[in-house]
Amino acid sequence: MNYTVKLRNRLWLFKLDREGSAGRHFRELAAAREWDAARLRADREERLKGLLRHCLRHVPYYQPLLTTSGWNGCGNTAPAGLAALPLLRKDILKRQFDNLRSSDLARRKWYLKTSGGSTGKPAVFIQDEYYQQWNRALAMLQDHLTGYCPGESKVVLWGSERDLFQERENFRVRLGRRLRNETWLNAYRMSPEAMAAYIRKINRIRPKQILAYVESLVELCRFSRRTGRPIRSPRNAVVTAGVLTPAARDLMEETLQAPVFNQYGSREVGIIAKECSQKGLHLNVLTHFVEITGTGGEVLSPGETGDIVVTLLTNYAMPLLRYRIGDRGSFAAGPCSCGCSWPRLAAVEGRVTDNFITAGGTMIYGALFRHFLFFQEWIKKYQIVQEDYLRIRYLIVPWDDGGVPSAARQRDLEEIAGLTRRVMGVDCRVDFDFVEEIEPSPSGKHHYTISRIGGR
Ligand SMILES: [Zn+2]
């Protein structure tokens, strides 16, 4: 490690320790990788029990539910108490916003999680400093496991709504990136010219790590191969926010000549799972309690595929218990050859998104369109189809009891159409079709976005 990297690393760790508890949590996480299953179970019981007790005392939404379930913190185990609660859906989260807030919020360092500056409706959930510090610690653990040292150069191929809508990130954000030695490239809009420039930049910077959305890095690798522009090998790449298929992994590893690590997480609950050196997708058991449930909400066993349901153990400001995240998956059976006893997900299905392409040939990150609809609480299910370069069709299944007046819905639709045109072009035709059901693809997966533009 050279002198500048060492200096950046010290500065970063000093800043972390001064600002909060992330460094301490990281050391806890690193130590817990050595724990056996019994110790992990005991630790989970304590953390879960602490959260449930807090909900019983301070969270109006959960008070009657926990009382009816019979859980009082003394008898049943915490997972059993939790299993008696209903699943938390996104629309309930929106409607019960006030009741989900902890009554002791005033003494917590809390903040609203925003959905980004320009994508319609504002945020609907609250997070606190304690959650933030743990999430930072999880990112540090991922660095540690992939052999990346904070301060080394990193390229982040990530979505920036600000960039997309011609605004700049603020000074504080830019300074933080500088300090961490990160170069950010916008993954939302990638024209051939932009992709060529990204590759030139990567080859000049020679990053030790590339952190990217799965679909964006796949797109960049395809472009690299198609146009004969090699990308200089980083030490590794970490990909997230999408389904990492074996084919996508092979394509990236071959193009980059470097290992690819998967990371599974979401905006609402942070980093849920990450891959070890043996490609085991280990759940972050100190911070997330994960269940796989069947159609009736019953808990399934390893090997059985169902809905991924997450209880976030670190956010006391607005606790999310049994939150149905919208993806499907299954647990892996048996121990991982890396030696860590943290349970693993065998596979994650869901968030299947095609990228879209503008008439001018620019690739637009498909999941961006999901953000336009994310906080529309009257929408139960949706699919966004690019029928042609200048035609986008939204298929929408509304909740029966959506409770949103039609004028408000109309305003939402106009806003979505406006945002779509800003991204795809002013001439783009935007249609909304209300349907009763959206059938999964022949493989059984739900596709959030579909592009019917072939021959790319
Ligand atoms: Zn492992």
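Residues numbered from 1 in each chain as written. Predicted model: local features only at pLDDT ≥ 70, side-chain atom pairs only at ≥ 80, totals over all residues.

Chemist: Mind showing me how you'd approach the overall build of the protein here?
Modeler: A tally of regular secondary structure across the protein gives 15 helices and 21 strands. Relative to the globule expectation of 23 Å for 456 residues, the C-alpha radius of gyration of the protein, 22 Å, shows essentially globular dimensions. With the principal axes as the frame, the protein shows a C-alpha extent of 65 × 60 × 45 Å. A burial count over the protein gives 37% of its 456 residues as buried. Contacts in the protein between residues at least 24 apart in sequence constitute 69% of all its contacts with a sequence separation of at least 6. (Helix = DSSP H or I, 4+ residues; strand = E, 2+ residues; numbered from the N terminus. Rg over C-alpha atoms; globule rule 2.2 N^0.38 Å. Buried ≥ 20, exposed ≤ 12 C-beta atoms within 10 Å, placed from the backbone. Contact = placed C-beta atoms within 7 Å.)

Chemist: I would appreciate a short explanation of the sheet that holds strand β16 (residues 356-357) in the present structure.
Modeler: The pairing of strands in a sheet happens through backbone hydrogen bonds and is either parallel or antiparallel. Ordered by their spatial adjacency, three strands build an open sheet running β5-β17-β16, and the pairing between neighbours is antiparallel. The two strands at the open ends of the sheet, each matched to only one other strand, are β5 (189-190) and β16. Here two bridges tie β5 to strand β17 (residues 363-364), and the two strands are oriented antiparallel to one another. Opposite Met 190, over in β17, you have Met 363 as the bridge partner. (Pairing = 2+ DSSP bridges.)

Chemist: Explanation requested: the packing of helix α3 (residues 37-58) against helix α4 (residues 62-69) in the structure shown.
Modeler: The geometry of a pair of packed helices is captured by two quantities: the angle between their axes and the separation between those axes. Where α3 meets α4, the axes come as close as 7 Å, and the angle between the chain directions of the two elements is 115°. In this structure, the crossing between α3 and α4 has a hand that is left-handed. The residues of α4 that touch α3, namely those facing Leu 52, Cys 55 and Leu 56, are Tyr 62, Gln 63 and Leu 66. Residue composition of the contact of α3 with α4, grouped by class: five nonpolar, one polar and no charged. (Axes fitted to C-alpha atoms, helices over the stretch in contact; angles between N-to-C directions. Left-handed = near helix turned anticlockwise from the far one by under 90°. Nonpolar A, V, L, I, M, F, W, Y, C, P; charged D, E, K, R; others polar.)

Chemist: Sorry, what's going on with the pairing of strand β6 (residues 209-213) here?
Modeler: Sheet faces and side chains relate simply in a regular strand, where the side chains alternate between the two faces. The element β6 is extensively covered by neighbouring structure, given that five of its five residues are classed as buried. Taking every second residue as pointing to the same face, both faces of β6 are buried, with Gln 209, Leu 211 and Tyr 213 on one and Ile 210 and Ala 212 on the other. Pairing of strand β3 (residues 154-158) with β6, which is carried by four bridges, proceeds in the parallel orientation. Bridge pairing in β6 links Lys 154 to Gln 209. Taken together, β6, helix α12 (residues 214-226) and strand β7 (residues 236-240) form a β-α-β motif whose crossover is right-handed. (Right-handed = clockwise from strand over helix to strand, strands pointing away.)

Chemist: Explain unusual backbone geometry here, please?
Modeler: Glycine aside, a negative phi is what most residues show, and trans is what most peptide bonds show. Positive phi, normally seen in glycine, also occurs at Arg 206, with a value near 50°. What makes Arg 206 exposed here is the crowd of 11 C-beta atoms within 10 Å. Although it is not a glycine, Arg 322 adopts a positive phi angle of roughly 55°.

Chemist: For this particular structure, what's the right way to read the environment of Arg 8?
Modeler: Structurally, Arg 8 is set in helix α1 (residues 3-19). Sequence separation between Arg 8 and Leu 179 is 171 residues, and the spatial gap between their C-alpha atoms is 6.6 Å.

Chemist: In this structure, what is going on with the packing of helix α2 (residues 22-32) against helix α8 (residues 129-146)? I would like to understand it.
Modeler: Packing of α2 against α8 brings their axes to within 8 Å, and their N-to-C directions diverge by 50°. Accordingly, the angle class assigned to the pair α2 and α8 is oblique. For the crossing formed where α2 meets α8, the hand is right-handed. Only Gln 133, Trp 134, Arg 136, Ala 137, Met 140, Leu 141 and His 144 of α8 make contact with α2, whose side of the interface consists of Ala 22, His 25, Phe 26, Leu 29 and Ala 30. When its residues are assigned to classes, the contact of α2 with α8 shows eight nonpolar, three polar and one charged. (Parallel < 35°, antiparallel > 145°, perpendicular 65-115°, else oblique.)

Chemist: I would appreciate a short explanation of the pairing of strand β13 (residues 323-331) in the present structure.
Modeler: In the sheet, strand β12 (residues 306-312) pairs with β13 via four bridges, with the strands oriented antiparallel. What sits directly across from Asp 307, in β13, is Arg 328. Pairing between β13 and strand β14 (residues 344-349): four bridges, direction antiparallel. Note that in β14 the partner of Ser 330 across the bridge is Ala 347.

Chemist: How should the domain arrangement of the protein be read in this particular structure?
Modeler: Interfaces are frequently sized by the accessible area removed from exposure as the parts join. For the protein, the assigned domains are domain 1 (1-278) and domain 2 (354-451). With centres defined by C-alpha atoms, the gap from domain 1 to domain 2 works out at 26 Å. (Domains from an automatic or database assignment.)

Chemist: Quick question: what am I supposed to make of the sheet that holds β6 here?
Modeler: An order of β4-β3-β6-β7-β8-β9-β10-β14-β13-β12-β11 is seen for the eleven strands of this open sheet, with the pairing classed as mixed. Either end of the sheet is taken by a strand with one partner, and the two such strands are β4 (182-186) and β11 (288-293). The sheet shows a mean angle of 35° between the axes of neighbouring strands, direction not considered. Here strand β8 (residues 260-266) pairs with strand β9 (residues 270-275) via four bridges, running antiparallel. Counterpart to Gln 263 in the pairing with β9 is Lys 274.

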